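# Commentary on secondary and tertiary structure
Below, each chain spelled out in residue letters.
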Amino acid sequence: MKSTGIVRKIDELGRVVIPKELRATMNFATKDYMEIYTEEDKIILKKYNPGCFICGSVKDIVEYKGKTICRDCLEEIQKSVWLVDKWIYDKMQWVNLLHFLFFLR
Ligand SMILES: [Zn+2]
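As the structure is a prediction and not an experimental result, all values here were calculated from the model.

With that settled, consider the overall build of the protein. Helix and strand counts for the protein come out as two helices and four strands. Order of helices (α) and strands (β) in the protein, N terminus to C terminus: α-β-β-β-β-α. Compactness check: the protein gives a C-alpha radius of gyration of 27 Å against a globular reference of 13 Å for 105 residues, more than 25% above the reference. In terms of principal-axis extent, the alpha carbons of the protein reach across some 90 × 25 × 25 Å. Residue pairs at least 24 apart in sequence account for 0% of intrachain contacts in the protein once pairs closer than 6 positions are excluded.

Following this line, the structure appears as structure tokens:
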């Protein structure tokens, strides 16, 4: 653990301001969620990294309409959509063939 030499006072509501330079260094932005850990007599703050809303993985995350999803789950969904499309297309081919045969009679 590295000391920053910074000392801050806790206010009446229990808040401590993280100095701007430290927030910039740690890539903490306004409204970011922070995860709070404890270790013996220490409090550790870590930028909260929400995982995939399907499998919980935090690896290879992308955001879509405010939800986080990993690339593996996204690819699986895209594959499923493609299979449903193909299934519908195949069924339509049968329907077209039946119409064709019906009108030939
Ligand atoms: Zn996932």
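Let us keep going from here.
Let's shift gears to the domain arrangement of the protein. In terms of domains, the protein is made up of domain 1 (1-48) and domain 2 (50-105). Relative placement of domain 1 and domain 2: their C-alpha centres are 43 Å apart.

Here we come to unusual backbone geometry. Across residues other than glycine, the phi torsion is negative in most instances, and most of the peptide bonds are trans. Here the phi dihedral of asparagine 27 falls at roughly 65°; this positive angle occurs in a residue that is not glycine. Judged by the 8 C-beta atoms lying within 10 Å of it, asparagine 27 falls in the exposed class. In this structure, glutamate 40 takes a positive phi of about 50° despite not being glycine. On the secondary structure map, glutamate 40 appears in the loop between β1 (34-39) and β2 (42-47). Judged by local crowding, glutamate 40 falls into the exposed class, with 4 C-beta atoms found within 10 Å.

Right, let's get into the pairing of strand β3 (residues 61-64). Where β3 lies against strand β4 (residues 67-70), four bridges are found, and the strand directions are antiparallel. By the bridge assignment, tyrosine 64 is partnered in β4 with lysine 67. Hairpin connection, β3 to β4: the antiparallel pair is bridged by two residues, and lysine 65 has positive phi, about 50°.

As for its position among the elements, isoleucine 36 is in strand β1. The spatial distance from the C-alpha of isoleucine 36 to the C-alpha of threonine 25 is 18 Å, given a sequence separation of eleven residues. Setting aside its immediate chain neighbours within four residues, isoleucine 36 contacts Ile43 and Leu45.

On average, residues of the protein carry a pLDDT of 90, and 99% of them reach 70 or more. Model confidence for the protein, summarised as mean pLDDT per element, is weakest for β3 at 86 and strongest for helix α1 (residues 20-25) at 93.

Thresholds, definitions, all that
- Residues numbered from 1 in each chain as written.
- Predicted model: local features only at pLDDT ≥ 70, side-chain atom pairs only at ≥ 80, totals over all residues.
- Helix = DSSP H or I, 4+ residues; strand = E, 2+ residues; numbered from the N terminus.
- Rg over C-alpha atoms; globule rule 2.2 N^0.38 Å.
- Contact = placed C-beta atoms within 7 Å.
- Domains from an automatic or database assignment.
- Buried ≥ 20, exposed ≤ 12 C-beta atoms within 10 Å, placed from the backbone.
- Pairing = 2+ DSSP bridges.
- pLDDT = per-residue confidence, 0-100.

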